[in-house]
Amino acid sequence: MVTESGAQVDSEDTEAYLRPRARLMSTLGEELISNERVALTELVKNAYDADASLVVIRFNAPLEEGVGSIEVWDDGHGMSAETVRGTWMEIATSHRHRRPLSEGRGRRVLGAKGIGRFSAARLARVTSLATCRGDGEEVTLRLDWRSFSVEDAYLDQVPVNWSVRSPKVFAIGGEAEQLFDDLAGEFQTGVAAEPGRSPHGTVVRLEGLRQQWTAESIETLKRSLSRLLPPPPPTELAVPDQPEFSIYIETPPGELRHYSGFVSASETLAHPHYRLVGTVDADGQAHLTLTAMGVEEEVVIHDDFRQDTTLPSCGPVKLDIRTWDLDSGSLRRLLKIDLGARNVSEVRQLIRGNTGIALYRDGFRVQPFGETGYDWLEFDQRRVNNPTMRLSNNQVAGFVYVTADGNPGLRDRSHREGLIDSPEYEELKRIMVQAVSRLETWRYRLRRPEPPQPPDSKPLLPTTAGGGHGVFQNFTLDPLRDVVNQRYPDDSVLGRALDEATEAINDSVQKVQEVISQFSRLATLGTLVDVVLHDGRAALTRIAYVLRRLNRLAKGTSEQDPGLCEALTKVHTDFSAQEKALDRLFTRVEPLSGRQRGRPKNISLHEAIDEAVSVHEAELAKQGITVTVGGEDVIVTAEPSDIAQVILNLVGNAIYWLSTLPEGAERCILITTERTPDGEVDIDVSDNGPGVREEIKDLIFDTYFSAKPNGIGLGLSIAGSVVKDFYDGDLYLVSPGPLAGACFRARLRRRVG
């Protein structure tokens, strides 16, 4: 503190106050809201909270930056002068916290932070508002957002022009009534005003647009808005009736006119190849039903989704997951349904344009869940790790239902997109992945090319039947060929170049497929890995060369045909991603190379087993698992790393499934060895976990099949390969085993004398 004489003295308990600069409004509107689509959605949500049954978004040409306008009309209850001044103009108002339900229809309100309305600053330079409660006065307000950018101004120094007048916009026969009457014929919800009573609602006019609105951006907006409310949910979910609420988009005459109309869910969503519907209760009990197109079988699953004994912290969840197979054969089945698609490529595009797992709280979508490309459950990463079994994000559309009261730990981020990272959010993701993995398992069974066989006779090595390794499904030039055939049917040079690229890529893919197919034929796992690494990487080098040529071709068409350039660039990007996925696969199997094997020697099985188990020592201690090694300590002629491979994979599986037992439950692994009367040697690994579910017992030895939500599905295949190739043995499931859970037996027939 400074005195009148200029001396500095100490001061205690002096009060000071925060005073925001005017540019805070820029932060709240222009910078906090990520894009224009989200900004418009915030205004739609405000209309929903105002009990509107209809929202009209009107685009007024020219839709160029700096000119044009957008109007957002609603037939909600409107605002009085007191509400505008005391609530609307109050930043971060607690109004919604005090009143969590709307005043007329009792809707659970979506706004809670008191800043959503300022998203208008993201859309345009000027915002004008007119609102009326009906039979009352009309309040108008005008905000020029540029006024809040004055360098030294404080927020309370920027005046806002507002007025109260007799109704004009919302007068009988006024602009609002005419607009609502025009739509009343299509939208039968009583939009028009009652005879002799003024209409009510709010219109927000956004003038001086901050971005150009193109056909693509309007289409993206319409698709996003179409998922604000979910399609009619299955009756078995007992989801409350969806509120009476619709959105109409009006576009100017010309090339954008065909985008005018009511926003509705795509017909594609009604025809999935596979569907999972069910609930996960607050106590973690899952009740799921699986169905598939053309399959009469309906599978009902009851399971416990708890971790240990902990109840799901996210609260109860209801879900409706719909998935598609994107190969041409599967999509042709959908061409018979009127989806508005003319060919397989358009069906595939429709599906991809409507995918994403949407999250609905109290019947309204939480942004950006459900946006195409927003992979919050990391489906694509799971598919990279296991392309044969897992679903990718662009083939799944989901609808997840929660409530604010039942799921209080799922809270919005301040920037209006996504949920705050929290244990509850992580638990929600875990439950969702666990549910989807059940759907993936069933889908895998239905698509499995070979007929089911008894576990003891099932091949332990994969085949390439039914189209080969799943990672190659995206190596196709069909989308690019469709573009070329439509736009350049007579261009022979471009056609030959495309044929050459197709042939080169197909040849290289075939070579890699042939290398991987040897996994089912080669005598030893080590030799297999050597061949995969040598020939596989050679094929990848060829693919990389072709991709570079494709990239040069794309750059060469950038000026003549930007559309073709974009298609070529996308194909190059997709292929490059697949090439990298294969490279990562080769890197993962490199440690198994046969060059690392030593000479077989006489070893004690118990000693080899103890050494292998010690690798899991930390995880065993963490999970409280007791491991017992018993039986006859047989001496065999073996490479120690072989025994380690078998034990590491079998014990690793046991650890995972034992970790799913309730907290405090006894967790045991028993490993026994013995020589049979025929001179063979058995190694049994059993546990007291949940065991192998009956419906997947004939699947567990398939390469890339895994019942773990994020499993890769290689453990049993690798263990089985070691037993078969090096010791002429078998790996199979024993039922029942000495303990209550799963029991796997590795029977060795060679080098056991």
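Residues numbered from 1 in each chain as written. Predicted model: local features only at pLDDT ≥ 70, side-chain atom pairs only at ≥ 80, totals over all residues. Heavy atoms only, no water.

Turning next to the overall build of the protein chain. For the protein chain, the count of helices and strands is 19 helices and 22 strands. Split into buried and exposed, the 753 residues of the protein chain put 51% on the buried side. Taking as baseline every contact in the protein chain between residues at least 6 positions apart, the subset at least 24 positions apart corresponds to 72%. With an accessible surface of roughly 34,900 Å², the protein chain has 49% of that area assigned to carbon and sulfur atoms. (Helix = DSSP H or I, 4+ residues; strand = E, 2+ residues; numbered from the N terminus. Buried < 20%, exposed > 50% of the residue type's maximum accessible area, 1.4 Å probe, protein only. Contact = heavy atoms within 4.5 Å. Areas by Shrake-Rupley, 256 points an atom, 1.4 Å probe, with all protein chains shown as cover.)

Turning our eyes to something else, we now look at the sheet that holds strand β10 (residues 285-292). With respect to topology, seven strands assemble into an open sheet ordered β11-β10-β9-β12-β15-β13-β14, the strand pairing being mixed. A strand with exactly one partner marks an edge of an open sheet, and here the two such strands are β11 (295-304) and β14 (364-365). Bridge count for strand β13 (residues 356-361) against strand β15 (residues 396-402) is six bridges, and the pairing is parallel. Residue pairing in the sheet places Arg361 in a bridge with Val402 of β15. (Pairing = 2+ DSSP bridges.)

All right, on to helix α11 (residues 423-447) then. For α11, spanning 25 residues, the distance from its first C-alpha to its last is 36 Å, which sits close to the expected 36 Å at 1.5 Å a residue. Of all 25 residues in α11, 19 are buried, a share of seventy percent or more. (Expected span 1.5 Å × (residues − 1).)

In this structure the tally under the stated criterion is two cavities of 30 Å³ or more. Estimates place the volume of the second largest cavity at around 30 Å³. Every residue lining the second largest cavity is listed: Ile643, Val646, Ile683, Val722, Val723, Tyr727, Ala746 and Leu748. Elements that contribute at least two residues to the lining of the second largest cavity include exactly α18 (640-658), α19 (715-727) and β22 (743-748). Broken down by element, the residue count for the lining of the second largest cavity peaks at three residues, all from α19. When grouped by side-chain class, the residues that make up the lining of the second largest cavity number eight nonpolar, no polar and no charged. (1 Å grid on protein atoms, 1.4 Å probe; cavity = no way out; pocket = protein on both sides within 12 Å on 5 of 7 lines; lining within 4 Å. Points joined across faces, edges and corners; volume = space filled by probe spheres on them. Nonpolar A, V, L, I, M, F, W, Y, C, P; charged D, E, K, R; others polar.)

Next up on the list: the environment of Thr310. Tracing the backbone through its elements, the reader meets Thr310 in the loop between β11 and β12 (317-323). Once the C-alpha coordinates of Thr310 and Pro662 are considered, the two residues, 352 residues apart in sequence, prove to be 8.1 Å apart.

Here the focus is the packing of helix α16 (residues 605-614) against α18. Here α16 crosses α18 at 50 degrees, and the two axes come no closer than 9 Å. Taken together, the axis directions place α16 and α18 in an arrangement best described as oblique. The two elements α16 and α18 meet at a crossing, and its hand is right-handed. Along its contact with α16, which presents Leu605, Ala608, Ile609, Ala612 and Val613, the element α18 presents Ile643, Ala644, Ile647, Leu648 and Val651. Tallied by class, the residues present in the contact of α16 with α18 amount to ten nonpolar, no polar and no charged. (Axes fitted to C-alpha atoms, helices over the stretch in contact; angles between N-to-C directions. Parallel < 35°, antiparallel > 145°, perpendicular 65-115°, else oblique. Left-handed = near helix turned anticlockwise from the far one by under 90°.)

Taken together, the side chains of Glu607, Asp610, Glu632, Asp633 and Glu674 present a region of like negative charge at the surface. Inspection of the secondary structure assignment puts Glu674 in strand β19 (residues 667-675). Exposure remark for Glu674: the relative accessible area of 43% places this residue in the partly exposed category. (Patch = residues over 30% accessible without salt bridge, like charges linked within 9 Å, V, L, I, M, F, W, Y side chains within 5 Å. Salt bridge = Lys/Arg side-chain N within 4 Å of Asp/Glu carboxyl O. Lys, Arg positive; Asp, Glu negative; His and termini not counted. Charge placed at Lys NZ, Arg CZ, Asp CG, Glu CD.)

So, about the pattern of salt bridges. The final tally for this structure, using the stated rule, is 37 salt bridges. Residue Glu175 pairs with Arg58 through a salt bridge whose shortest N-O separation is 3.6 Å. Here Arg58 lies in strand β1 (residues 54-60) and Glu175 lies in helix α6 (residues 175-184), a separation of 117 residues in the sequence. For Arg58, a relative accessible area of 14% gives the class buried. As a salt-bridge pair, Arg105 and Glu244 come within 3.7 Å of each other at their nearest N and O atoms. Taken as a pair, Arg105 in the loop between α4 (95-98) and α5 (120-123) and Glu244 in the loop between α7 (215-225) and β7 (246-250) lie far apart in primary sequence, 139 residues in all. With relative accessibility at 35%, the residue Glu244 sits in the partly exposed group. Here the salt bridges share partners, and the residues they tie into one network are Glu680, Asp682, Asp684, Asp730, Arg745, Arg747 and Arg749.

With that settled, consider the sheet that holds β22. Read from one edge of the open sheet, five strands run β17-β19-β20-β22-β21, paired in mixed fashion. A strand with exactly one partner marks an edge of an open sheet, and here the two such strands are β17 (625-631) and β21 (730-733). Taken over all neighbouring pairs, the strand axes of this sheet differ in orientation by 15 degrees on average, direction set aside. As judged from the seven bridges shared by β19 and strand β20 (residues 681-687), these two strands associate in the antiparallel manner. Note on β20: the bridge partner recorded for Leu670 is Ser686. Packing against the sheet, α18 makes contact with β17, β19, β20, β21 and β22, and its axis sits at approximately 150 degrees to β19.

We now examine the packing of aromatic side chains. Counted under the stated rule, the structure contains 16 aromatic pairs. Geometrically, the ring pair formed by Phe369 and Trp376 is edge-to-face, given 4.8 Å between the ring centres and 80 degrees between the ring planes. The exposure classification of Phe369 matches that of Trp376, with both residues buried. Geometrically, the ring pair formed by Phe726 and Tyr727 is edge-to-face, given 6.4 Å between the ring centres and 85 degrees between the ring planes. Like Phe726, the residue Tyr727 is buried in the burial classification. (Phe/Tyr/Trp six-rings, centres within 6.5 Å; stacked < 30°, edge-to-face > 60°.)

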